Amino acid sequence: ALAAAAVAPAAIAAPTCFTVYDRQGEIVYRDVALPFEGAADPGSPGRTAMRERGEFLECAEVHGNHYGTSRVWIERQMAAGQDILLEIDWQGAQQVRKVFPGCVGIFILPPSVEELGRRLTGRGQDSAGIIARRVAAAVDEMRHVREFDYVIINNKLSEAIEDLQTVVRSVRLRTASQLDRHHAL
């Protein structure tokens, strides 16, 4: 919600191909806006072949779920001059930086680990055990914060949205970005 609200219409969020487990542990396969047969199943020939052909810009396992971003989709959007937002974890960000070293990384943090636990509990969607695992994983992920260019503390949603909009705007105003967009200059 934060990312989509903050960047529209200046940028678009990239669709993600993913495998997700529901609350009962059943696998839910989804292919969001990607027309690749079998791409969402991490063990399927379709997804394996896509990975081997380099069709994923990034792919990773996060909290037991498998995610990936279509390289073809990203390249098409970039060729059209579109700014793109990827909602990915540090593993995916490391992979993206290898392909696009000039990309901008933004790490969004909760105001505290305790507050993260309260927010997850307040959703009422997960058991205490799952929440404890997610909080522990978040603490581990936070160790990668220094790999990113910007950090936004999501204390109050409206302020975090404003902060993200500010980062997106500042990146768009960089000399190289402006000259890429305005070839006549």
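About the criteria used
- Residues numbered from 1 in each chain as written.
- Predicted model: local features only at pLDDT ≥ 70, side-chain atom pairs only at ≥ 80, totals over all residues.
- Heavy atoms only, no water.
- pLDDT = per-residue confidence, 0-100.
- Contact = heavy atoms within 4.5 Å.
- Phe/Tyr/Trp six-rings, centres within 6.5 Å; stacked < 30°, edge-to-face > 60°.
- Helix = DSSP H or I, 4+ residues; strand = E, 2+ residues; numbered from the N terminus.
- Buried < 20%, exposed > 50% of the residue type's maximum accessible area, 1.4 Å probe, protein only.
- Lys NZ or Arg CZ within 6 Å of the ring centre and 35° of its normal.
- Expected span 1.5 Å × (residues − 1).
- Arc of directions from axis to C-beta.
- Pairing = 2+ DSSP bridges.
- Axes fitted to C-alpha atoms, helices over the stretch in contact; angles between N-to-C directions.
- Left-handed = near helix turned anticlockwise from the far one by under 90°.
- Nonpolar A, V, L, I, M, F, W, Y, C, P; charged D, E, K, R; others polar.
- Core = buried A, V, L, I, M, F, W, Y, C linked by side-chain atoms within 4.5 Å.

### Digging into the confidence of the model for the protein
Low-pLDDT portions of the prediction should not be read for the details of their coordinates. On average, residues of the protein carry a pLDDT of 80, and 72% of them reach 70 or more. Confidence drops under pLDDT 50 across residues 26-45; counting only partners more than four residues distant or on other chains, this segment forms 50 contacts.

### Quick notes on the packing of aromatic side chains
All told, the structure shown has one aromatic pair when counted by the stated rule. Consider the rings of Phe-107 and Phe-148, whose centres lie 5.0 Å apart with planes at 75°: the pair is edge-to-face. Of this pair, Phe-107 sits in strand β7 (residues 106-109) while Phe-148 is found in the loop between α6 (128-142) and β8 (150-153), placing the two residues 41 residues apart along the sequence. Here Phe-107 matches Phe-148 in class, with each residue buried. The lysine or arginine in question, Arg-97, covers the ring of Phe-148, its NZ or CZ lying 5.3 Å from the ring centre.

### Topic: helix α7 (residues 157-172)
With 16 residues, α7 ought to run about 22 Å at 1.5 Å a step, and its terminal C-alpha atoms sit 23 Å apart, in line with that. Residues Ala-160, Ile-161, Leu-164, Val-167, Val-168 and Val-171 constitute the buried set of α7. The buried side chains of α7 occupy one side of the element, clustering within an arc of 125° when seen end-on. Turned more than 90 degrees off the buried face of α7, the exposed positions are Glu-162 and Arg-169.

### Let's talk about the pairing of β7
On β7, burial follows the alternation: Phe-107 and Leu-109 on one face are buried, whereas Ile-106 and Ile-108 on the facing-out side are not. As paired strands, β7 and β8 are joined by four bridges and run parallel to one another. Paired with Ile-108 across the two strands is Ile-152, which belongs to β8.

### Here we look at the packing of helix α5 (residues 113-123) against α6
One way to put it is that α5 packs onto α6 with a least axis distance of 10 Å and a crossing angle of 145°. Relative to α6, α5 is oriented so that their crossing is right-handed. Along its contact with α5, which presents Val-113, Leu-116, Gly-117, Leu-120, Thr-121 and Arg-123, the element α6 presents Ile-131, Arg-134, Val-135, Ala-138, Val-139 and Met-142. Looking at the contact of α5 with α6 residue by residue, the class counts come to eight nonpolar, two polar and two charged.

### So, the nonpolar core
With six residues, the main nonpolar core is built from Trp-90, Ala-93, Phe-107, Leu-109, Val-145 and Phe-148. Put simply, the parts of the chain that give this core at least two residues each are α4 (90-99) and β7. Dropping the residues within four chain positions of it, Leu-109 is found in contact with Met-142, Val-145, Val-151, Ile-152, Ile-153 and Asn-154.

### Points about the side chain of His-144
For His-144, the location among the structural elements is in the loop between α6 and β8. The exposure class assigned to His-144 is buried, which follows from its relative accessible area of 15%. The residues contacting His-144, other than those within four sequence positions of it, are Trp-90, Gln-94 and Phe-107.

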